[in-house]
Amino acid sequence: MKNELSKIVDEVLEPYPAKTYKKRKEHIVIKTEEDPNPVITANVRTVPGVITSRGCCYAGCKGVVMGPIKDMVHITHGPVECAFYTWGGRRFKSKPKEGGQNFNEYVFGTDLQEKNIVFGGADKLQKAIDEAIEIFHPKAVGVYATCPVGLIGDDIQAVAAASRKKYGIPILAFNCEGYKGVTQSAGHHIANNTVMNDIIGTGKGEHKKYSINLLGEYNIGGDSWEIERILNKIGYTVSATLTGDASYGDIQNSNLADVNLVQCYRSINYIANMMETKYGIPWIKCNFIGIQGTIDTLRELAKVFDDPDLYKRTEAVIAEEIGEIEDDINYYRERLEGKVACLYVGGSRAQTYQVLLEDLGIKTILAGHEFGHRDDYEGSEVIPTIKMDADTKNIPEITVHKDEEKYRVIIPEERAEVLKSEGVPLNYYGGLEKQMDNNTVIIDDINGHELESFIKRLHPDMFLTGVKEKYVIEKMGVLSRQLHSYDYTGPYAGFKGAVIFARELARGVYTPAWKYLTPPWKKQPLLDGKVAVSGGEK
């Protein structure tokens, strides 16, 4: 089987020039019994001329991590298109708390024009901050730099500092110009640094029993509400979600939680590790996508607290939730059993959704990340071996130290070792490769040519991706579900979310509308004309 897959990979890469072939070959590996944890190249620049699906640094900072915070005004300092891209293109649901604020239905930007590029846009930014505070009275303001701002040199940090002094509220500036780093992952890192430095630990709340934070959960389709429902049912208190449906005050007090649950490892692992260092809060890699994933996470969380009542309530809630969905899941599993899937999404979703697909009897034969690092593929253990390149060094690093006043020993070292021996992923992520079956393809930073070529050769029943790839795939007659906005359904998390996801897949597989359409370029020529040759027309 490996020889067959290797041949397919070679066929896909064959049209490339030799140098490109060599570079892309390092981004595509095959997992086998003999090589269960292959080394992959990731988080490096896309080959020039290749159309990538990656996003920019600004999109990762404002669009992913910071944008969902509902009672902040988020001002994009740049062209209006950038402002809309990180607002209208994502689907983080939110609703105001009683008496609270929610600005997520608004998009704020300075709408830089040619005049501002020539003469500077700092004054326009200051005016935007003034208007936003006078009209909306937010808890805090975020200012996000785009590519042209970095090129012309507007000092957004100085504008933010002056505004903080003027209004007495947090006004945070993010130098997340789109060209920094190689993917949106750079923006995640920049956002994590500022949240850790300037927000977490600045509140005046009190510790609550069985309190947890949900990190890297952005409430796409209402996922965080469904997760919180299950956790509250067992008896946990969700102190803060970073950052789906988050309020600024909750994040300020997130240092009071007992455990951090990390859903999207790539976008938030920096905060998880820094909170462990500074406040003593351990983190576990969770997965609320899929029935078995949710069950495993709930049981692992109960082990962390090691409370007999929590163990009992956890099993009771699991039994109750499964009882409510069992008939539906069995029905959809019968219809989807034996189907084949490919996955290409950001964050940890190429790994977490495989658990849900397995619940439904669907086999994943190819998976990869848009903005993964090597540890997203190979696991946390490879981090010490990853070499820093110039693009990585371009992202500021912050160093945190133990907070002598707020640090707590939540899990003693001896207990931590016991938990790890029992399989609890404490301060550890195993990565995508460990989730994959043998004789499967793992690919980093797939492009349009490779995507189409693998579909033609692997013949998947479905290819789950983001919006950029979705319609290309469907025009090839293959089902695609958009996992960055859920195609406006959801939630997909938890027990009930698994049923919604299964229903959507079954509908798509058994209503193959795209297969019955013949694209116009297959019926008529794309170009129609005459070629002039010496001696007359031809």
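Our structure is the block above this text.
A brief look at the structure comes next. (Residues numbered from 1 in each chain as written. Predicted model: local features only at pLDDT ≥ 70, side-chain atom pairs only at ≥ 80, totals over all residues. Heavy atoms only, no water.)

### Quick word on the pairing of strand β10 (residues 340–345)
In terms of burial, β10 is a largely internal element, five of the six residues being buried. Of the pairings in the sheet, the one linking β10 to strand β11 (residues 363–369) comprises six bridges and is parallel in character. Looking at the pairing, Ala-341 lines up with Thr-364 of β11. In this fold, the crossover linking β10 to β11 by way of helix α15 (residues 349–359) has right-handed handedness. Taken together, the three bridges between β10 and strand β13 (residues 462–464) define a ladder with parallel strand orientation. Directly across from Leu-343, in β13, lies its bridge partner Leu-464. (Buried < 20%, exposed > 50% of the residue type's maximum accessible area, 1.4 Å probe, protein only. Helix = DSSP H or I, 4+ residues; strand = E, 2+ residues; numbered from the N terminus. Pairing = 2+ DSSP bridges. Right-handed = clockwise from strand over helix to strand, strands pointing away.)

### Re unusual backbone geometry
Geometrically, the link from Leu-242 to Thr-243 is a cis peptide bond, its omega value of 5° lying close to zero. If you trace the backbone, Thr-243 turns up in strand β7 (residues 237–243). Of the consecutive residues Gly-490 and Pro-491, the connecting peptide bond is found in the cis state with omega at 0°. Tracing the sequence through the fold places Pro-491 in the loop between α21 (467–475) and α22 (494–509). Its identity is not glycine, yet Asp-306 carries a phi of approximately 55°, on the positive side. Looking at the element boundaries, Asp-306 is found in the loop between α13 (291–305) and α14 (308–336). One non-glycine residue, Tyr-486, adopts positive backbone phi at about 65°.

### Considerations on the side chain of Asn-43
The topology assignment puts Asn-43 in the loop between β1 (28–31) and α3 (57–66). Separated by 3.5 Å, the side chains of Asn-43 and His-373 make a polar contact. Setting aside anything within four residues of it in sequence, one finds Asn-43 in contact with Arg-54, Val-182, Thr-183, Gly-372, His-373, Asp-389, Thr-392 and Asp-444. (Polar contact = N/O pair within 3.5 Å; in protein donor to acceptor, adjacent residues only side chain to side chain. Contact = heavy atoms within 4.5 Å.)

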